[in-house]
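# Report on the structure
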Amino acid sequence: MKSLGKRKHRRGATLAIAMFLAALIAVAGGALLSISTITRLKIVEAGADVRLLIAAEAGLETVRGRFTLVPGVQDDWSSLTPNPGWNDVGGPMRINGISVQVQAAPTGYPGTPQARIRGVAFGAKKTRVVEYTIQAANFADYALYFGSFNTVGIGDYFKMVGNFYSKGHVNLGHGAGIEFFGNVDTMGKVMNYPDYAYNFKKGFTEYAPDVTIPPQAYGLDVMRSAAATSGTLFYANTLSIELDGQRFIRTYQYRYQGTGYNYKHTEYDVRTETLEIPDNSVIYIDSSSPPPGVDTYNVGANRANQARNGSIDMWGSLYWKRVTVAAEIDVRVTNNISYQTLLNNPDYRRFTQKKLAGALGYREMLGVVSANDVNFMTANWTSLASAARVTDNASLSPPDTGHENQQYSLDGVYMGVKKARRGNNASGNNKELWVCGGIINGDHPSTELSSNFDRRNYDTDYRLQTTTPPYFLKAYGESANTIKGTWRTYTL
C-alpha cells in the first residue's frame with residue numbers, strides 16, 4: 001500500500017510539472033507571437049517611412065527646375081521665396097498616393113540666390129521631411145580660367161590651389177616648383193611636365209569639354225540696376241576707386257563753371273568723395289559721360305565731362321563687406337587689393353589652413369568685372385607689411401617653406417571679358433604673389449605674371465563653394481546646384 005501511495009504521489013508531482021511546463025510553453029509561445037507581431041509592425045512602419053522618404057525626394061526633384069535662372073525673367077528667386085521663412089513652392093502633389101508639399105526658405109544674399117528647400121511627405125502616423133540647400137549655378141569654380149585657344153605658358157614656382165581650366169594647350173616648359181593641387185582641365189594637351197606626380201596632385205584631363213562663359217553670366221545690365229538702387233552708379237569721369245575697409249574713396253573729374261559744350265581745360269578739377277560700400281550690391285562705372293547736372297557745380301548745368309578716361313584705377317582693402325565692382329571700361333589694379341581679415345591673419349592663406357573655421361568664416365568678398373580688360377599693374381605695387389606676410393613653417397605637414405621676403409595680395413574674383421593680364425613689366429626678384437579667389441580671362445591665354453613674381457600662389461577661396469560675390473557670374477539656364485553636406489531628413 002505504501003508503494004502504491006508513493007507511485008500516486010509521484011504521478012501527481014509529474015502531472016503538476018507537466019502542467020507547469022505546458023503553461024510555460026503557452027506563455028512563451030504567446031510572447032513569441034507578440035514579439036513577432038511587433039516586429040512585423042515595425043517592418044511595416046519602416047516600409048511606410050521609406051515610401052514617405054522616397055516621395056519627399058521625388059517632390060523635391062519635381063520642382064527643383066523652377067529654380068533655374070532665366071535672363072530678364074528670373075534673375076533671382078524672390079518670386080519663389082518672397083517671405084523670410086518657409087514658402088510653399090506650388091501646391092500639394094500626389095506621388096505614389098502620398099501627399100507631398102515642397103517648400104523653400106531664402107538663405108542667400110542679394111544677387112547671390114541660395115535657399116533651403118524641403119519636401120514634406122504626409123503619412124498616416126508621421127510626416128517625413130527631406131531637406132538640402134541649393135544655390136544658383138555659377139562660374140566661380142575656377143581659380144584660373146583661360147578662354148583663349150592659344151597655348152598657356154606656366155612659369156617656375158607656380159602654385160595652384162583650386163581648379164584650372166584652359167581652352168588651349170598647357171605648357172609647363174620643364175619648369176621648377178610647379179604644383180597643381182586641384183583639377184586641371186584643358187581642351188588641348190598638357191606638355192613638358194618634369195614630374196607628373198609632383199606637378200599634378202589630382203592628375204589632369206586633356207581634351208576636356210568646352211566651357212564657355214556666355215554674356216548673360218556677367219549680366220552687366222543687372223549689375224547696373226543694382227548699383228542704381230544702392231546709389232553707387234557712376235560714369236566715365238570716374239578716375240579711381242580705392243577700397244578703404246567698409247568705405248570707398250572715389251576720385252573723379254568735376255565741372256565747376258560754364259554751361260556750354262566747348263569746355264576749357266581749366267573748367268575742371270579732380271575731387272574725391274568717401275562713401276559707404278554698398279553691402280551685397282555693386283559699384284558700377286558706366287562708359288558714358290555723366291548726365292547733365294551730375295558731378296557739376298549746378299544741377300542745371302550740362303555734362304560734367306565729355307571726355308572719357310578709358311579706364312579706372314583700383315586698389316585698397318575690404319573689411320566685412322560683400323561687393324562687386326563692375327566697369328564698362330578697363331580696370332587697372334594699381335596696388336594690392338586685400339581682404340583685411342587675411343592681412344590680420346596671413347596663416348589663413350596657407351594651403352594647409354585654408355579650410356580652417358577662421359579661413360571659411362570671415363565675411364568680406366569682392367568681385368571685379370570689366371567689359372574689356374583687367375590689367376594688373378604689378379610693377380607699381382607696394383610690398384605688404386611684414387605682419388601680413390606668410391612666413392616659412394617647416395613644422396606643418398606638409399612643410400610650408402620657400403616663401404619670399406616681399407609679398408603682395410590680389411584677393412577677390414577678377415574677370416576681364418576680353419582679358420585679365422599683366423599690365424606692365426617688373427622684376428620678380430624676391431617677390432611672391434598671393435591670390436585668394438580667382439582670375440578669369442575671357443579671351444587671353446595667360447596672366448603673364450611669371451616675370452613679375454618669383455612665386456605665384458593662385459589660390460581659390462573655398463567659400464566660393466557656398467556663395468559668390470553679389471550678382472557675379474551666374475549660370476543662366478542651368479539647374480540649381482545642391483551644396484554638398486547639406487542633405488538631411490527628419491520628421492515633423
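Residues numbered from 1 in each chain as written. Predicted model: local features only at pLDDT ≥ 70, side-chain atom pairs only at ≥ 80, totals over all residues. Heavy atoms only, no water.

## Some words on the overall build of the protein
When you go through the protein residue by residue, the secondary structure sums to six helices and 29 strands. Every one of the 492 residues in the protein was classed for burial, and the buried ones make up 50%. Taking the intrachain contacts of the protein between residues at least 6 apart in sequence as the baseline, contacts between residues at least 24 apart amount to 63%. (Helix = DSSP H or I, 4+ residues; strand = E, 2+ residues; numbered from the N terminus. Buried < 20%, exposed > 50% of the residue type's maximum accessible area, 1.4 Å probe, protein only. Contact = heavy atoms within 4.5 Å.)

## Observations concerning the sheet that holds strand β10 (residues 170-171)
Across the sheet, three strands lie side by side as β7-β10-β13; this open sheet has parallel pairing. Since the sheet does not close on itself, it has two edges, and those belong to β7 (152-153) and β13 (190-191), each with one partner. Here β10 runs beside β13; their pairing, made up of two bridges, is parallel. When the bridges of β13 are listed, Asn171 appears paired with Met191. (Pairing = 2+ DSSP bridges.)

## Quick notes on the environment of Ile329
Note on placement: Ile329 falls in the loop between β20 (322-327) and β21 (330-339). Considering only alpha carbons, one finds Ile329 and Ser288, 41 residues apart in sequence, at a separation of 9.7 Å. Among all residues touching Ile329, those that are not within four sequence positions of it are Ile285, Ser287, Gly310, Ser311, Ile312, Ser370 and Asn372.

## What about the environment of Tyr476?
Here Tyr476 is to be found in the loop between β27 (455-459) and β28 (481-482). Given the relative accessible area of 15%, Tyr476 is considered buried. Each C-alpha atom of the pair Tyr476 and Leu69 lies 4.9 Å from the other, and the pair is 407 residues apart in sequence.

## Observations concerning the confidence of the model for the protein
On average, the protein scores 87 in pLDDT, and the residues at 70 or more come to 85%. Element-level mean pLDDT values for the protein span from 64 in helix α1 (residues 2-63) up to 98 in helix α5 (residues 340-344). Below a pLDDT of 50 lies the segment residues 1-8, which in the model reaches zero contacts outside its immediate sequence neighbourhood of four places, other chains included. (pLDDT = per-residue confidence, 0-100.)

## As for the pairing of β27
Most of β27 is tucked away: five of the five residues are buried. Of the two faces of β27, both are covered, the one formed by Arg455, Asn457 and Asp459 as well as the one formed by Arg456 and Tyr458. Two strands pair when backbone bridges link them, and strand β8 (residues 158-161) and β27 are joined in this way by four bridges, in the parallel orientation. Bridging across to β27, Lys159 finds its partner in Asn457. When strand β26 (residues 431-441) meets β27, the two strands line up parallel, connected through five bridges. Counterpart to Glu432 in the pairing with β27 is Arg455.

## Let's talk about the pattern of salt bridges
Taken as a whole, this structure holds 22 salt bridges when the rule is applied. With its nearest N and O atoms 3.2 Å apart, the salt bridge here joins Arg271 to Asp269. Residue classification places Arg271 among the partly exposed residues on the basis of a relative accessible area of 32%. By relative accessible area, which is 27% here, Asp269 ends up partly exposed. Residue Asp411 is joined to Arg349 by a salt bridge in which the shortest nitrogen-to-oxygen separation is 2.9 Å. A residue pair is termed long-range when its members are at least 10 positions apart, and Asp411 in strand β24 (residues 406-416) and Arg349 in the loop between α5 and α6 (357-361) qualify at 62 residues. Take Asp411 and Arg349: they sit in the same class, and that class is buried. Overlapping salt bridges, with partners in common, bring together Asp49, Lys126 and Arg128 in one network. (Salt bridge = Lys/Arg side-chain N within 4 Å of Asp/Glu carboxyl O.)

## Side note on unusual backbone geometry
Of note, the amide linkage connecting Ser397 to Pro398 takes the cis form, showing an omega dihedral of -5°. Here Pro398 lies in the loop between β23 (373-376) and β24. Even without glycine at this site, Asn96 takes up a positive phi of about 55°. Given the relative accessible area of 64%, Asn96 is considered exposed. If you check the backbone angles, Trp320 has positive phi at about 60° while not being a glycine. Position of Trp320 among the secondary structure elements: in the loop between β19 (311-318) and β20.

## Quick notes on the packing of aromatic side chains
The description of an aromatic ring pair uses the distance of the two centres, along with the angle that the planes make with each other. Per the stated rule, a full pass over the model turns up 23 aromatic pairs. Taking the centre distance of 6.0 Å and the plane angle of 45° together, the rings of Tyr196 and Phe200 count as tilted. The partly exposed category is assigned to Tyr196, whose relative accessible area is 42%. Measuring from centroid to centroid gives 6.2 Å for Phe234 and Phe248, while their planes differ by 65°, and the two rings are edge-to-face. Of this pair, Phe234 sits in strand β14 (residues 233-234) while Phe248 sits in strand β16 (residues 247-255), and the two are 14 residues apart along the sequence. (Phe/Tyr/Trp six-rings, centres within 6.5 Å; stacked < 30°, edge-to-face > 60°.)

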